[in-house]
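Listed below, chain by chain, are the residues.
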Amino acid sequence: MRVNDKLAGLGEDVNCIRRTRRGEMILVLKRDAAQKSTEYKKLTEEVLGDGVQVRALCPVSNIQCKGLDEVSEARDLVDALRDQCNVEIQESTVRLRKSFAGMQVASFQVPQAEAKKVMDKAKLKVGWSVCPLSISQPLQTCFRCLGNGHKSYDCKGPDRSKLCRRCGAEGHQARTCQAAPRCLICPPGTDNRHLTGVQACPASRRIQTRR
């Protein structure tokens, strides 16, 4: 990549290079070059070929759309965002869940640069329903104790960083674990038959309520 003339511009716009925990390489662009990420993705794919997966990452905002009727589908929300906000998202990125009285709540992500266009609307007409929009802030996750609501540098809990997030045992990771799930942050005596820190976790919900 560093010796290919096609990527000379990318080299000038890179601020730093680092690795993820899974060994993936991340090229962090300078702030004023972030809008070029999609263009650089295509160029990098041309240079590296089909054997390498390249993704263009950008900061996103998590948005909730409440009050959808029970027959609304992800496609209806995608069409409403395009027609009313001039924002395009993929249907596969929309998550629908049941709410009270037969209604639904949709969760989706948009680039932060486009989030203002969505939130300026305040409400979205989906089908026959007028649905309020809100920004959903994800919980902070501590990589030391695996709890929510704080960061590892401020953690006073037990060190669970070497434990499997699925079963709680040491010596392997959740992606290879076949054991029954056991949440590590739910108090003893409660129903902890779920993955640690998932949205349905009662301990996580209590933290969300206090925020």
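Once that is clear, we can look at the overall build of the protein. Each helix and strand counted, the protein has 5 helices and 7 strands in total. Listing the helices and strands of the protein from first to last along the sequence gives α-β-β-α-β-α-β-β-α-β-β-α. On the principal axes, the C-alpha backbone points of the protein span a range of 60 × 50 × 30 Å. In the protein, buried positions account for 27% of the 211 residues.

Looking now at the side chain of Asp13. If you trace the backbone, Asp13 turns up in helix 1 (residues 8-13). Here Asp13 is in contact with Val28, Leu29, Lys30, Ala33, Lys36 and Tyr40, once residues within four sequence places are set aside.

All right, on to the nonpolar core then. Formed by 21 residues in total, the largest nonpolar core has its most connected members in Leu77 and Phe108. Looking at this core, the elements that each hand over two or more residues are strand 3 (60-68), helix 3 (74-85), strand 5 (104-111), helix 4 (112-119), strand 6 (123-126) and strand 7 (129-135). It is helix 3 that provides the largest number of residues to this core, a total of 6 residues. Leave out the neighbours within four places in its chain, and Leu77 touches Cys65, Val94, Ala106, Phe108, Leu124 and Val126.

Here we take up the confidence of the model for the protein. Counting all residues, the mean pLDDT for the protein is 85, and 93% of those residues have values of 70 or more. Contacts of residues 207-211 to residues separated by more than four positions or lying in other chains number 8 contacts, the stretch itself having pLDDT below 50.

With that settled, the discussion passes to helix 3. For helix 3, spanning 12 residues, the distance from its first C-alpha to its last is 16 Å, which sits close to the expected 16 Å at 1.5 Å a residue. Taken together, the buried positions of helix 3 are occupied by Ala74, Leu77, Val78, Ala80, Leu81 and Cys85. End-on view of helix 3: buried residues confined to an arc of 160°, all on one side of the axis. Close packing links the buried residues of helix 3 with strand 3, strand 4 (95-98), strand 5, helix 4 and strand 6. A positive backbone phi angle near 60° is found at Asn86, which sits one or two residues after helix 3.

Turning to helix 2 (residues 37-48), a few remarks are in order. When the terminal C-alpha atoms of helix 2 are compared, their 16 Å separation across 12 residues agrees well with the 16 Å that a helix rising 1.5 Å per residue should span. Burial in helix 2 covers these residues: Ser37, Tyr40 and Thr44. Each buried residue of helix 2 lies within a common arc of 60° when the element is viewed along its axis, so the set occupies one face. Exposed residues on helix 2 whose side chains face more than 90 degrees from its buried face are Lys42 and Glu46. Residues of helix 2 that are buried sit in contact with helix 1 and strand 2 (25-29). In the segment just after helix 2, Gly49 is the residue with positive phi, at about 85°.

Quick notes on the rules
Residues numbered from 1 in each chain as written. Predicted model: local features only at pLDDT ≥ 70, side-chain atom pairs only at ≥ 80, totals over all residues. Heavy atoms only, no water. Helix = DSSP H or I, 4+ residues; strand = E, 2+ residues; numbered from the N terminus. Buried < 20%, exposed > 50% of the residue type's maximum accessible area, 1.4 Å probe, protein only. Contact = heavy atoms within 4.5 Å. Core = buried A, V, L, I, M, F, W, Y, C linked by side-chain atoms within 4.5 Å. pLDDT = per-residue confidence, 0-100. Expected span 1.5 Å × (residues − 1). Arc of directions from axis to C-beta.

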